[in-house]
Amino acid sequence: MKEIICKLLIIGSGPGGYVCAIRAGQLGIDAVIVEAARPGGTCLTVGCIPSKALIHVSEQFFDAKRMAAGKNAAGITVQQPAIDFGKAVSWKDGIVGKLSSGVTTLLQKSTVKIVHGTATFRDGKTVEVDTELGLQLVRAETIVIATGSEPVELADIPFGGIVISSSDALALREVPQKLVVIGGGYIGLELGTAFAKLGSEVSIVEATAQLLPQYDADLVRPVARRLADLGVRVMTSTKATRVSEGALIVSTAEGREEQLDADRILVAVGRKPRASAAGLDELDLDRSGPFIRIDDRCRTSMRGVYAIGDVTGEPMLAHRAMAQGEMVAEIVAGRKRAWDKRCIPAICFTDPEIISAGLTPGEARSQGYDIEIGQFPFSANGRALTMQSEEGFVRVVARRDTNLILGLHAVGQGVSELSAAFALAIEMGARLEDIAGTIHAHPTRSEAFHEAALKALGHALHI
Ligand code: FAD
Ligand code: NAD
């Protein structure tokens, strides 16, 4: 059996693993990365990137359909828009291919050795990789587990036939006529909205009383309104029970059994860590629920073994995985680092988009803060009006005694791009006066952020 000896071995080349490897290479660490599938992981190949490409296509097509129906307020009309969905999917696949090759190039540039195959731990320092050319042994001083996560399967509604996962949904070559989505969380809403805009008749079945239960109700309301405009049927407090002859059987809030006809049933009820793959059970690492338990340096319970990304818990977001990966590479290089982030912004790419950074008003109050809230609507923002997107608002939550900003939230078209300003403000410990005293360029949606801070200080200018 061939053998590689290295300082650092990373298992998994998702956003956590590949960023860790690139940074390690930059720091002169002799690093090896093992990947069973395509470089880039869930995010790049079946997650963030292909889903956002599909959302973009669906928005363009939907806008064209509205224009054709004479519903464009600015007077643009088009004749009978059509979509070649196969071409759209090929375009999306092209982007994924380009970015995945880009990851390989970046790893090579950082002199990271890439081993293609499935890794299995022999012990805390040795991993066996099943490659196309046979077994390869890798011995490393330090190992980083970045094996990510996979979709949760429902016991009574297993994947197969018309029951599909998000990865399958992103690989469809035809737009389903009737799509039933189980789970009104991130994936259910992002993909459910996209398919509704592409022409599917969409129903969303959510077990809890609210769509996107992880976000507060004020942020979710505009999204629910939009889904209603799109003709999406939303069933909250409803449980999916079984599949029967091309239909999903659900138990409604009122306790009635109902049949939802479907060409496809997308199950999007969460993701589970790949914490048992790679022989991880044999290592017997401490767990935090289903996840691998880590400390503030991403160390596991075994010396020399780190874990990053989705396999370590919520929030299962690419940018968290990347930040952990970068930190671990620096720790392995001997730098003093620990997890000290004040916030991990979260965005739901719905219509309109939602962004949440830091504490919501409810969370701030329950942590004992006396708070001031400033909220500014996009209906009073010039740029939003010129973009035909006056729905939504920016909200700032700050301590009443010091004006320290605790949370920033927004719902509205394109607000995902405000995430950088929001995260920076919280990370740098900004106060309301810092935002109020910063010139925000006109006309931009970011002026709503400025105005929300002014509002919390009691002197908003444009409302
Ligand atoms: P992953 O990206 O899951 O990568 C793990 C890698 O490890 C995989 O490539 C896998 O093949 C490899 N691997 C596993 N076991 C082995 C083994 N034994 N040997 C070799 N290789 C192995 N997050 C966002 O922040 N923004 C978004 O917009 C967003 N959209 C999403 C949309 C969808 C549809 C989905 C499913 C997820 C989305 N996410 C999004 C979540 C994001 O994809 C994950 O948080 C992120 O990919 C986690 O990165 P990771 O490095 O921990 O693991
Ligand atoms: P999720 O946790 O966001 O949503 C799952 C939803 O399914 C919840 O609302 C839950 O109440 C509901 N549910 C659970 N069991 C159910 C049942 N039996 N019947 C009906 N509803 C049920 O999970 P997801 O949408 O699968 O996404 C997985 C993860 O991927 C997310 O938590 C997030 O970390 C990541 N993700 C992020 C983005 C983004 O950042 N924009 C996009 C997609 C995915």
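For clarity, every value in this text was computed on a predicted model and none was experimentally measured. (Residues numbered from 1 in each chain as written. Chains lettered and ligands numbered in written order. Predicted model: local features only at pLDDT ≥ 70, side-chain atom pairs only at ≥ 80, totals over all residues. Heavy atoms only, no water.)

Colleague: How should I be thinking about the state of the cysteines in this particular structure?
Modeller: Structurally, a disulfide amounts to a covalent bond that connects the sulfur atoms of two cysteines. Applying the stated criterion across every chain yields a total of one disulfide. A sulfur-sulfur separation of 2.4 Å characterises the disulfide bridge that pairs Cys43 with Cys48. Its S-S torsion of about -130 degrees marks the bond between Cys43 and Cys48 as left-handed, since a negative value means left-handed. Judged by its relative accessible area of 13%, Cys43 falls in the buried class. Cysteine Cys298 is unpaired, with the sulfur of Cys20 as its nearest cysteine sulfur at 9.1 Å. Take Cys348: it sits in no disulfide, and the sulfur closest to it among the cysteines is that of Cys48, at 12 Å. (Disulfide = S-S within 2.5 Å. Buried < 20%, exposed > 50% of the residue type's maximum accessible area, 1.4 Å probe, protein only.)

Colleague: Explain the side chain of Thr193 here, please?
Modeller: Following the sequence through the fold, Thr193 ends up in helix α6 (residues 186-198). Judged by relative accessible area, which is 5%, Thr193 ranks as buried. With sequence-adjacent residues up to four places away left out, Thr193 is seen in contact with Gly188, Leu227, Leu230 and Asp351. (Helix = DSSP H or I, 4+ residues; strand = E, 2+ residues; numbered from the N terminus. Contact = heavy atoms within 4.5 Å.)

Colleague: Please clarify how the site of ligand 2 should be interpreted in this entry.
Modeller: The environment of ligand 2 is made up of 22 residues, and the closest members are Ile187, Glu190, Glu206, Met316 and Ile347. Side-chain polar atom of Glu206 to an oxygen atom of ligand 2: 2.6 Å apart, as the coordinates give it. The backbone of Gly270 places a nitrogen or oxygen atom 2.8 Å from an oxygen atom of ligand 2. Starting from 830 Å² of accessible surface for ligand 2 in isolation, the protein chains cover 81%. Tallying contributions element by element places α6 first for the shell around ligand 2, with three residues. Residues belonging to the shell around ligand 2 are distributed by class as follows: 13 nonpolar, six polar and three charged. (Near = heavy atom within 4 Å. Polar contact = N/O pair within 3.5 Å; in protein donor to acceptor, adjacent residues only side chain to side chain. Areas by Shrake-Rupley, 256 points an atom, 1.4 Å probe, with all protein chains shown as cover. Nonpolar A, V, L, I, M, F, W, Y, C, P; charged D, E, K, R; others polar.)

Colleague: Help me understand the packing of helix α3 (residues 48-68) against α6 in this model?
Modeller: Each packed pair of helices is defined by two parameters, the angle between the axes and the distance between the axes. Remark: α3 packs on α6, axes separated minimally by 8 Å, with the N-to-C direction vectors making an angle of 35 degrees. You can see that α3 and α6 cross each other, and the crossing is left-handed. Residues Ser51, Lys52, Leu54, Ile55, Val57, Ser58, Glu59, Phe61, Phe62 and Lys65 of α3 lie in contact with α6, whose contacting residues are Glu190, Leu191, Ala194, Phe195, Lys197 and Leu198. Here the contact of α3 with α6 is built from residues that sort into nine nonpolar, two polar and five charged. (Axes fitted to C-alpha atoms, helices over the stretch in contact; angles between N-to-C directions. Left-handed = near helix turned anticlockwise from the far one by under 90°.)

Colleague: Is there a simple way to think about the pairing of strand β12 (residues 239-243) in this case?
Modeller: Regular strands show a simple pattern: their side chains alternate between the two faces of the sheet. When β12 meets strand β13 (residues 247-251), the two strands line up antiparallel, connected through four bridges. Opposite Ala240, over in β13, you have Val250 as the bridge partner. Counted between consecutive antiparallel strands, the loop separating β12 from β13 contains three residues, among which Glu245 sits at a positive phi close to 45 degrees. (Pairing = 2+ DSSP bridges.)

Colleague: What am I meant to see in the sheet that holds strand β11 (residues 233-235) here?
Modeller: Sheet strands pair by backbone hydrogen bonding; their relative direction is either parallel or antiparallel. Strand order in the open sheet made by the five strands is β8-β15-β9-β10-β11, with parallel pairing throughout. The sheet is open, and its two borders are formed by β8 (163-164) and β11, each paired with just one other strand.

Colleague: Would you explain the UniProt feature "domain: Pyridine nucleotide-disulphide oxidoreductase dimerisation" (unreviewed entry) in the protein in this entry?
Modeller: Following the UniProt record, one finds the feature "domain: Pyridine nucleotide-disulphide oxidoreductase dimerisation" (unreviewed entry) at residues 344-453. With 29% helix and 28% strand, residues 344-453 has end C-alpha atoms that lie 20 Å from one another. (UniProt positions renumbered as here; feature names shortened; annotations may be inferred.)

Colleague: Just to check I follow, could you spell out the pairing of strand β2 (residues 31-35) for this structure?
Modeller: In terms of residue burial, β2 counts as a mostly covered element, since five of its five residues are buried. The alternating pattern of β2 places Ala31, Ile33 and Glu35 and Val32 and Val34 on opposite faces, both of which are buried. In terms of strand pairing, strand β1 (residues 2-11) meets β2 through four bridges, oriented parallel. Counted as the bridge partner of Leu9 is Val32 from β2.

Colleague: Is there a simple way to explain the sheet that holds strand β21 (residues 353-358) in this structure?
Modeller: Across the sheet, which stays open at both edges, the five strands sit in the order β20-β21-β24-β23-β22 with antiparallel pairing between neighbours. Looking at strand neighbours, the two that pair on one side only are β20 (346-348) and β22 (371-377), the edges of this open sheet. For this sheet, the mean angle separating the axes of adjacent strands, direction not counted, is 10 degrees. Taken together, the six bridges between β21 and strand β24 (residues 405-412) define a ladder with antiparallel strand orientation. Of the residues in β24, the one forming a bridge with Ile355 is Ala410. Each of β22, β23 (393-399) and β24 is contacted by helix α14 (residues 447-457), which is oriented at about 140 degrees to β22, the strand it contacts most.

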